[in-house]
Amino acid sequence: MNRIVVLGAGESGAGAAVLAKIKGFDVFVSDMSAIKDKYKKQLDDHGIDWEEGCHTEDKILNADEVIKSPGIPDSVPIMKKIIAKGIHVISEIEFAGRYTTSKMICITGSNGKTTTTSLIFHIFKEAGYDVGLAGNIGNSLALQVAEDPHAYYIIELSSFQLDNMYDFRADIAILLNITPDHLDRYDNCMQNYVDSKMRIIQNQTADDSFIYWNDDPVIKRELEKYDIKAIQYPFSELKENGSIGYIEEGMYTIEKPTPFNMEQECLSLTGKHNIYNSLAAGIASNISGIKKENIRKSLSDFPGVEHRLEKVCKVGGVQYINDSKATNVDACWYALESMTTPTILIIGGKDKGNDYTPIKDLVKEKCVGLVYLGADNQKLHENFDSIGIPVRDTHSMKECMQACYEMAKPGDTVLLSPCCASFDLFKNMEDRGEQFKELARSL
C-alpha cells in the first residue's frame, strides 16, 4: 500500500486526505497550525491519522508522495527535507484529477479569478448543469470527486496550485491577466511567477479550449514561446488583433463558437475589469453549449462576489466599499479606475514586493485622502506622502475606520483596496473585509 502524506489540513488538505483514504492509500495528515474542528471530524470519520502543531519527520519523510496545501512554501524546513529526499510533491487538484473524467473549466490570472470563476459557476448552475465549484473557492475538488461527483467543475487556480500540477489537464483554460503578485514566493523574479501562470495550458490537446486576454503584454509575449494545441479564444475590450470576444458600439459580442451578443448596459458587473471577466465567462459558457438565453440572463443577474468592490453601506452621505480581495497593485488600480466620486483609499498590509508606481497617477486623480493600514507602513509613507494629499497612519481596523470617518465628507467614497496581503494584522483577507463591513455599519 502506497503512503500519502498530506501537509496542511484545511479545505484542500482534508479533502485530499479523504479521497486518498477512499482510494486505499495509507494516509497521514500533518499541520503545523491548529486544525479546525470540522476538519478534525472529517478526518476522524474516515479513520485518518493526523497531527497538529508540529511536523513529525519520521511520519512524513517515509511518504511515497506528498500532497501539499498551496499556502505552504517550499522554503519551510519540512519541505526542504521532503525535496532533498526526492519525494514527489503534488497539489490537491493534481491528485483529484487522477480520479475523475469530468469536464474541467480552470481559471487563473493575477486579478479577476474569483469573480470570473463565480460568474461561470452561476451561469452553469442556472442553466441546469451538474456543476461543482472548487479550487481557491468552493469545496475541495478532491472531496467532491470522492463523495459528491459532478459532470463539470469550475476551478479557480492560484499560481501556488499550478506549481504542483503536472499531468492535470484543463478542458477549458482561462488566463485573465499576468501582473506582479506573490513575488516574495518566486525569489522576487517576475519570470518565475509568469512561468507558473502559464502552466494552465500544459497538457491541453486539440480538443481543448484556451481563453485569454488579448491585450495583456505579458501573455502576448509568453504565447510566442509555446506550441499551443488547444483552440484559442482571445478576448479584448475592443475588436482587434483577432479577438473573438469584445465590446463594439455598446454591444457585448462573442463571435465563436456560436455568435452571441447583448447590450453592454445589461451586464450586471460594471467597470472595465469586469468587461474582461464577463467576456471570459461568456466565451467559456458558449463553448460548453449553454443556451444563449441562459447566458444572457445570468450575465444580467449575477450578484457579484463578496469582498470585491462590495458596496457595504452609506453613512452620512459617504459610501463605504469593501475591496479586501485587492491584494496586489493591479487589483487596486482597477478599483480606483472605477471610482466616480472623491475617494479616501485604505491601503496597506503585508507587502509582497509591491511596486506602487502604476497607481500613483490614479491616486492623485481620484483620492482626497489616504489611510495606511498595516503593522509597518514605512514603504507607503515613502511612496505616497509626497503626493500632497492628507494621510493618516493606522495599525488596526478600528483606528483606520475612525480616521476615515474623520476625513470623509458627504459625497466621498471610502474604499478598502489594500494592495497587500492581510496576514500582518488579520487572519486572512475575509477577516479584514468583515471587520471593515462591521465597523462601517456601526458608524
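In what follows, the structure referred to is the one given above.
Residues numbered from 1 in each chain as written. Predicted model: local features only at pLDDT ≥ 70, side-chain atom pairs only at ≥ 80, totals over all residues. Heavy atoms only, no water.

(A) A look at the packing of aromatic side chains. Summed over the entire model, instances satisfying the criterion amount to 11 aromatic pairs. Geometrically, the ring pair formed by Tyr252 and Phe260 is edge-to-face, given 6.0 Å between the ring centres and 90 degrees between the ring planes. With respect to burial, Tyr252 and Phe260 carry one shared label: buried. A ring pair is formed by Tyr320 and Phe436, whose centres lie 6.4 Å apart and whose planes are at 50 degrees; its orientation type is tilted. Of the two residues, Tyr320 is situated in strand 16 (residues 318-322) and Phe436 in helix 17 (residues 429-441); the sequence distance between them amounts to 116 residues. By relative accessible area, Tyr320 is classed as buried at 1%. (Phe/Tyr/Trp six-rings, centres within 6.5 Å; stacked < 30°, edge-to-face > 60°. Buried < 20%, exposed > 50% of the residue type's maximum accessible area, 1.4 Å probe, protein only. Helix = DSSP H or I, 4+ residues; strand = E, 2+ residues; numbered from the N terminus.)

(B) Here's a closer look at the sheet that holds strand 4 (residues 65-68). An order of 3-2-1-4-5 is seen for the 5 strands of this open sheet, with the pairing classed as parallel. In the strand order of this sheet, the two ends are held by strand 3 (49-52) and strand 5 (88-90), each with one partner. Averaged over all neighbouring strand pairs, the angle between strand axes comes to 20 degrees, with direction disregarded. In the sheet, strand 2 (residues 26-31) pairs with strand 3 via 4 bridges, with the strands oriented parallel. Pairing of Phe28 across the sheet is with Asp49, part of strand 3. Docked against the sheet, helix 1 (residues 11-22) engages strand 1 (3-7), strand 2 and strand 4, running at close to 170 degrees with respect to strand 2. Helix 4 (residues 77-84) rests against strand 1, strand 4 and strand 5 of the sheet, and its axis sits at about 150 degrees to strand 1. (Pairing = 2+ DSSP bridges. Axes fitted to C-alpha atoms, helices over the stretch in contact; angles between N-to-C directions. Contact = heavy atoms within 4.5 Å.)

(C) Main features of unusual backbone geometry. With an omega dihedral of -5 degrees, the bond running from Lys256 to Pro257 counts as a cis peptide bond. Position of Pro257 relative to the elements: it lies in the loop between strand 13 (251-254) and strand 14 (260-263). One non-glycine residue, Asn203, lies in the positive phi region at around 75 degrees. Along the chain, Asn203 turns up in the loop between helix 9 (190-198) and strand 10 (209-213). The backbone of Cys419 sits at a positive phi, close to 70 degrees, despite the residue not being glycine. With respect to the helices, strands and loops of the structure, Cys419 is situated in the loop between strand 20 (413-416) and helix 17.

(D) Spatial organisation of the pairing of strand 6 (residues 103-108). In terms of residue burial, strand 6 counts as a mostly covered element, since 5 of its 6 residues are buried. Here 5 bridges tie strand 6 to strand 8 (residues 152-156), and the two strands are oriented parallel to one another. Residue pairing for strand 8: Ile107 is matched across the bridge by Glu156. Bridging between strand 6 and strand 9 (residues 172-175) involves 4 bridges; their strand directions are parallel. Following the sheet pairing, Ile107 is matched in strand 9 by Ile174.

(E) Spotlight on helix 2 (residues 37-45). Of all the positions in helix 2, only Tyr39, Lys40, Gln42 and Leu43 are classed as buried. When helix 2 is viewed along its axis, its buried side chains cluster within an angular range of 160 degrees and face the same direction. Residues of helix 2 that are exposed and angled more than 90 degrees away from the buried face: Asp37, Lys38, Lys41 and Asp45. Just past helix 2, the residue Gly47 takes up positive phi, approximately 65 degrees. (Arc of directions from axis to C-beta.)

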